[in-house]
Amino acid sequence: MDRAGKRLYRALTARDARFDGIFFVGVTSTRVYCRPICPARTPRQENCRFFDTPQEAEYGGFRPCLRCRPELAPGSAPIDDAQRIAQLIVQRLEEGRFDEHEGLEAIADQFELSSRQVRRIVRSQLGVPPMQLLLTRRLLLAKQLLTETALPVTEIAFASGFSSLRRFNDAFVNRYRMPPTRLRNAAAGVVARSGSASATLQLSYRAPYDWDAILAFLSARALVGVEHVTGSAYSRTVQLGDATGWIVVRHSRTSRALEVELAQSLTPVLPGLLRRVRALFDLDARPDVIARHLARDTRIGAAVRANRGIRVPGAFDGFELGMRAIVGQQVSVKAATTMACRLVEAFGEPIATPFDALHRLTPAPERIAAASVTAIARHGLVEARARSLIALARGQVTGAIELDTTAHHKPEDTIKRLMDLPGIGPWTAHYIAMRALRWPDAFPKEDIAVRRSLGGVTANEAEEVSQAWRPWRSYAVMHVWMMGKTRESAIGDSLAS
């Protein structure tokens, strides 16, 4: 098996969902092909053949697995864009930005389809019509709030999207064959204080987890007014759809989990909120699998063994991260943070929170897209970067660039789309892919800190060295940034935005 095949086999053994739809594996002993997240037993390496698409696998004589259903992998549905449309609707449901009529029409326009075609796609991909999907999401949210918080049942009913307590009770009884109050005694995990203006939930992770390292990374890049980092917690303002509020994230002292305290105003968008928190803190990673592979490399092996809990910090807001990446081109983290904070002050909407340090929302792409180059540049950016930022904002507004959705194109496609924008090169595109797109194999080979830590190599030489780290190059980058420096300076002063 060649080097590319070995790389894909490593991704297969990890069953990392981020590779779903990126490749498919055909098993020569069964003549079946699967997605990399298939629950079946991992085949022997010598029995595997890898394909980019289901069509290639079938042309090679393999039949689709009936368990993982390769035809439903992201980007591989039988109808063009069907899976992306279904995933986009689910995400907008989670974030409170979808309704039966206006939401369907907007999505239909985005994909140049009719709302009737979109309804048919949703039913074919998800097995239910949009309104039934909406009901399911509301009930799942209600179930989570009932079992993990002490919010009154009436508040949960309205927070879940029901127009009345009676409708909520009827839907719950019809679906679960029990009244919602029965779940109260089944509450688990951290429970909100009764009467509090906030609720607290737990998000678990696979150990080890270097909480101090991720806090240091985020602290060096915190946007004043939007984010605040202390020695034990990360907090920020939030806007998802029409819901605004704040969150505070702490490390649990009793379990392998993060505790997320959130304003009750955010309960209507709880699933989308928690999805973003998991991405920001990289809670779905497999540190055991990643470290086992990277530790074999002589260049970074010692660093990996010393820091097995390192994660790749993600992005709570994709456009916010993209803005940081553009502002951070060819400048230090400190300088980039200063300029980004100026943009927050100028274009971020004010918000009232119980915390003095949190008083601004992150700039919306719509506001940046409507701004002039001069209006952006006056805050310390050269005009070329101001144009890049406006182009990214317009791409986000139109949907040409998707940085906040799990329904994005393959990472390589999004990287190419980013590089087609004015002023965005490979470093910026890969850095955005590494954090906003959560792509485990991104590699900003032009990064000065990476090249210095590797002995002053060229970008092309760094690319060649990185082949041994695939498919976990994003994690290798985090280790390389730490090599040869103190913990704080490596994470806080790297020339990465």
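Quick note: structure is the one above.
Read on for a plain summary of the structure. This is a predicted model, so every value here is computed, not measured. One numbering rule holds for all chains: residues counted from 1, following each sequence as written. Totals for whole chains, interfaces and linings use every residue, but because this is a predicted model, local features are given only for residues with pLDDT of at least 70 and side-chain atom pairs only at 80 or more, for both listing and counting. Heavy atoms throughout the structure, all of them, feed into the side-chain values; hydrogens and water do not.

## So, the overall build of the protein
Basically, it comes down to this: Helix and strand assignments come from DSSP, with helices taken as H or I runs of at least 4 residues and strands as E runs of at least 2, each series counted from the N terminus. We call two residues contacting when some pair of their heavy atoms lies within 4.5 Å. Each accessible area is a Shrake-Rupley result for a 1.4 Å probe, and residues are judged covered by the shown protein chains and nothing else.
The helix and strand inventory of the protein stands at 23 helices and nine strands. Considering only contacts within the protein whose residues lie at least 6 apart along the sequence, 65% involve residues at least 24 apart. Looking at the protein as shown, the accessible area adds up to about 21,600 Å², and 50% of this sits on carbon and sulfur atoms.

## What about the packing of aromatic side chains?
Our working rule: Classification of ring pairs uses Phe, Tyr and Trp, with its six-membered ring standing for Trp, and accepts pairs whose centres are within 6.5 Å; under 30 degrees between planes counts as stacked, over 60 as edge-to-face, and the remaining range as tilted. Whether a residue is buried, partly exposed or exposed follows from its accessible area with a 1.4 Å probe, protein chains only, as a fraction of its type maximum: under 20%, in between, or over 50%, in that order. Charge over a ring is defined by NZ of Lys or CZ of Arg lying within 6 Å of the ring centre and within 35 degrees of the ring normal.
In this structure the tally under the stated criterion is 16 aromatic pairs. Ring geometry for Trp427 against Tyr431: centres 5.2 Å apart, planes inclined by 5°, an arrangement best described as stacked. Of this pair, Trp427 and Tyr431 both sit in helix α19 (residues 426-435), four residues apart, which is roughly one turn of the helix. Judged by relative accessible area, which is 0%, Tyr431 ranks as buried. Sitting over the ring of Phe62, Arg31 keeps its end group 4.0 Å from the ring centre.

## Focus: the pairing of strand β5 (residues 198-204)
The condition that has to hold: Between any two strands, at least two bridges found by DSSP are needed for them to pair.
Within β5, five of the seven residues are buried, which leaves it mostly tucked inside the rest of the structure. Alignment of β5 against strand β9 (residues 257-263), held across seven bridges, turns out to be antiparallel. Bridge pairing links Ala199 to Leu262 in β9.

## What about the environment of Tyr176?
Within the secondary structure, Tyr176 sits in helix α8 (residues 165-176). Its relative accessible area of 26% is what places Tyr176 among the partly exposed residues. A sequence separation of 37 residues divides Tyr176 from Leu139, and the C-alpha atoms of the two residues are 9.4 Å apart. The contacts of Tyr176, once residues within four sequence positions are left out, are Leu139, Leu140 and Lys143.

## Considering the environment of Leu294
Tracing the backbone shows Leu294 in helix α11 (residues 287-294). A residue is classified by how much of its surface remains accessible, and Leu294, at 1% relative accessible area, is buried. With 179 residues separating them along the chain, Leu294 and Arg473 place their C-alpha atoms 8.9 Å apart. Residue contacts for Leu294: discarding those within four places in its chain leaves Ile300, Gly301, Val304, Trp469, Trp472, Tyr475, Ala476 and His479.

## Structural notes on the side chain of Arg360
Positionally, Arg360 belongs in the loop between α14 (333-347) and α15 (365-370). A relative accessible area of 17% places Arg360 in the buried class. Those residues within four positions of Arg360 in sequence are excluded, and the remaining contacts are Gly225, Val226, Thr237, Val344, Glu345, Gly348, Glu349, Pro350 and Ile351.

## Topic: the pairing of strand β7 (residues 233-240)
Most of β7 sits inside the fold, with seven of its eight residues counted as buried. As judged from the three bridges shared by strand β6 (residues 227-229) and β7, these two strands associate in the antiparallel manner. Opposite His228, over in β7, you have Ser235 as the bridge partner. Counting the residues that bridge the hairpin from β6 to β7 gives three residues. The sheet contact formed by β7 and strand β8 (residues 243-251) spans eight bridges and is antiparallel. Bridge assignment links Leu240 to a residue of β8, and that residue is Ala243. Remark: two residues form the turn of the hairpin made by β7 and β8, two consecutive strands paired antiparallel; Gly241 in that turn has positive phi of roughly 65°.

## Some remarks on the packing of helix α13 (residues 318-327) against α19
This is how it is decided: To get an axis, a line is fitted to the C-alpha atoms, and for a helix only the part in contact is used. The angle between two axes follows their N-to-C directions and goes from 0 to 180 degrees. With respect to orientation, any angle under 35 degrees is reported as roughly parallel, any angle over 145 as roughly antiparallel, any angle of 65 to 115 as roughly perpendicular, and every other angle as oblique. Helix crossings fall into two classes, left-handed where the near helix is turned counterclockwise from the far one by less than a right angle and right-handed where it is turned clockwise. Ten residue types, Ala, Val, Leu, Ile, Met, Phe, Trp, Tyr, Cys and Pro, are classed as nonpolar, four, Asp, Glu, Lys and Arg, as charged, and the remainder, Gly among them, as polar.
The geometry of α13 relative to α19 is characterised by a closest axis approach of 10 Å and an angle of 150° between their N-to-C directions. Between α13 and α19, the angle falls in the class roughly antiparallel. In this structure, the crossing between α13 and α19 has a hand that is right-handed. Facing α13, whose interface residues are Leu321, Gly322, Ala325 and Ile326, α19 presents Trp427, Thr428, Tyr431, Ile432 and Arg435. Of the residues in the contact of α13 with α19, the class split is six nonpolar, two polar and one charged.

## Here's the deal with empty space enclosed by the protein
Stated precisely, the cut-off is as follows: Lining residues are defined by having an atom within 4 Å of a point belonging to a cavity or pocket. Those points lie on a 1 Å grid over the protein atoms alone, cavities being sets where a 1.4 Å probe fits but cannot get out and pockets being open sets with protein on both sides within 12 Å along at least five of seven lines. Grid points are joined across faces, edges and corners, and a volume is the space filled by probe spheres set on the points.
Counting across every chain of the model gives three cavities of 30 Å³ or more. Volume-wise, the largest cavity comes out at about 150 Å³. For the largest cavity, the lining is made up of 15 residues, of which Glu227, Glu320, Leu321, Arg324 and Arg435 are closest to its centre. Sorting the residues of the lining of the largest cavity by element identifies β7 and α13 as the ones contributing at least two each. With three residues, α13 is the largest single contributor of residues to the lining of the largest cavity. In terms of residue class, the lining of the largest cavity is made up of six nonpolar, two polar and seven charged.

## A closer look at the packing of α13 against helix α17 (residues 383-398)
Contact geometry for α13 and α17: axes closest at 10 Å, N-to-C directions at 160°. The angle between α13 and α17 falls in the class roughly antiparallel. The handedness of the crossing between α13 and α17 is right-handed. Residue-level contacts link Phe319, Gly322, Met323 and Ile326 of α13 to Arg385, Ser388, Leu389, Leu392, Ala393 and Gln396 of α17.

## Observations concerning the sheet that holds β9
The five strands are arranged β5-β9-β8-β7-β6 in an open sheet whose pairing can be described as antiparallel. Whereas interior strands pair on both sides, the edge strands pair on one side only; in this sheet they are β5 and β6. When strand polarity is set aside, the average angle formed by the axes of neighbouring strands in this sheet is 20°. Where helix α10 (residues 270-280) meets the sheet, it contacts β5, β7, β8 and β9, and its direction lies at approximately 50° from that of β5.

The values are spatial; any link to function lies outside them.
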